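# Structure assessment
The residues making up each chain are set out below.
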Amino acid sequence: DAGVTQSPTHLIKTRGQQVTLRCSPKSGHDTVSWYQQALGQGPQFIFQYYEEEERQRGNFPDRFSGHQFPNYSSELNVNALLLGDSALYLCASSLGGQGLSPLHFGNGTRLTVT
Amino acid sequence: AQKVTQAQTEISVVEKEDVTLDCVYETRDTTYYLFWYKQPPSGELVFLIRRNSFDEQNEISGRYSWNFQKSTSSFNFTITASQVVDSAVYFCALSEVLTGANNLFFGTGTRLTVIP
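The text that follows walks through the structure, step by step, so that each part is easy to find. Per chain, the residues get numbers from 1 upward, laid out in the order the sequence is written. Working convention: letters from A go to chains and numbers from 1 go to ligands, in the order in which they are written. Residue-level local features of this predicted model are given only where pLDDT is at least 70; pairs of side-chain atoms are given and counted only at 80 or more, and the full residue set underlies all totals for whole chains, interfaces and linings. Values shown for side chains rest on all heavy atoms present in the structure; no hydrogens or waters enter the calculation.

### Some details on the pairing of strand β5 (residues 44–50) of chain A
Residues and elements named next belong to chain A. To keep it simple, the criterion reads: Think of it in three bands: residues with accessible area under 20% of the maximum for their type are buried, residues over 50% are exposed, and the middle band is partly exposed, with areas taken using a 1.4 Å probe on protein chains only. Numbering of helices and strands runs from the N terminus, with a helix taken as a DSSP run of H or I at least four residues long and a strand as a DSSP run of E at least two residues long. Strands qualify as paired when DSSP identifies two bridges or more between them.
Taking burial as the measure, the 7 residues of β5 include 6 buried ones, the bulk of the element. Where strand β4 (residues 31–37) meets β5, 6 bridges bridge the pair, whose relative direction is antiparallel. Bridge assignment links tryptophan 34 to a residue of β5, and that residue is phenylalanine 47. Between β4 and the antiparallel strand that follows it, β5, lie 6 residues; glycine 40 among them carries a positive phi value of about 80 degrees. Pairing geometry for β5 and strand β6 (residues 53–57), over 4 bridges, is antiparallel. Pairing of tyrosine 50 across the sheet is with glutamate 53, part of β6.

Right, here's the structure in full:
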């Protein structure tokens, strides 16, 4: 039973560039949420995708956008990267858009912005 | 506003000791969920437990137990007879039905080190 998989594992970008992170949900899950975890902090909610639409959004600027595909996989895009965007980006999947099932997290993508 | 406080930044215990990780939360919602996640060095957040606000019954799962007290807004986590494999960062989290049950607010975590 495949869990949540994220790619790439690590990424180094330069300020001002754009980045795309990818996530495949756990088998049987249809909802994907993205979190940002800065060093030494707890994860912060970015947004959630269900039925290919953004359903909820945390306190993140429009530079952060996403997409969900018909196979439930998802992408997180960040434009005009800032040094402060350096973090571990975690994808989580669940069943149903109402949050009735617990989130299962992937190993994350560590993004470094120089 | 919602808030999760984990006052213990780091805890070290000797193997086989019991350890309790504290979690205090704030919310104005009457229906909410509380969680504990474990984050080993690999980075993956491992789900441990979810409780809803209407279920204050304590739970035990093997060496793990959780104590939920609405009167003190606490959801503490105890590991009995700790093992080296328990070394990780543990996060307590809260989600509210009003703001979205998949929108988890995490505490800053407690780093547990179990010394052999």
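### Re the packing of aromatic side chains
The following threshold applies: To pair, rings of Phe, Tyr and Trp, with the six-membered ring standing in for Trp, must have centres within 6.5 Å; the planes then decide the type, stacked if under 30 degrees apart, edge-to-face if over 60, and tilted in the middle. We call a charge positioned above a ring when the Lys NZ or Arg CZ atom is no farther than 6 Å from the ring centre and deviates by at most 35 degrees from the ring normal.
A complete count under the given rule lists 19 aromatic pairs over all chains for this structure. For the ring pair tyrosine 35 of chain A and phenylalanine 106 of chain B, a centre distance of 5.8 Å and an interplane angle of 90 degrees mean the geometry is edge-to-face. You can see tyrosine 35 of chain A sitting in strand β4 and its partner phenylalanine 106 of chain B sitting in strand β11 (residues 100–106), one on each of two chains. For the pair formed by tyrosine 35 of chain A and phenylalanine 106 of chain B, the shared burial category is buried. Here the aromatic rings of tryptophan 66 of chain B and phenylalanine 77 of chain B are separated by 5.1 Å at their centres, their planes lie at 5 degrees, and the arrangement is stacked. Residue tryptophan 66 of chain B is found in strand β8 (residues 64–69), and its partner phenylalanine 77 of chain B is found in strand β9 (residues 74–79); the two are separated by 11 residues along the sequence. Side by side, tryptophan 66 of chain B and phenylalanine 77 of chain B carry an identical accessibility label, which is buried. Linked through ring pairs, Tyr35, Phe45 and Phe105 of chain A together with Phe35, Tyr37, Phe47, Phe91 and Phe106 of chain B together constitute an aromatic cluster. Here arginine 50 of chain B stacks its cationic end above the ring of tyrosine 33 of chain B, 4.5 Å away from the centre of that ring.

### Focus: the pairing of strand β11 (residues 109–113) of chain A
Residue and element names in this part refer to chain A. Of the two faces of β11, only the one carrying Thr109, Leu111 and Val113 is buried; Arg110 and Thr112 on the other face are not. The sheet contact formed by strand β2 (residues 10–13) and β11 spans 4 bridges and is parallel. What sits directly across from leucine 11, in β11, is leucine 111. Looking at chain direction, strand β9 (residues 87–94) and β11 are connected through 3 bridges and run antiparallel. Its bridge partner being in β11, tyrosine 89 is matched across the sheet by threonine 109.

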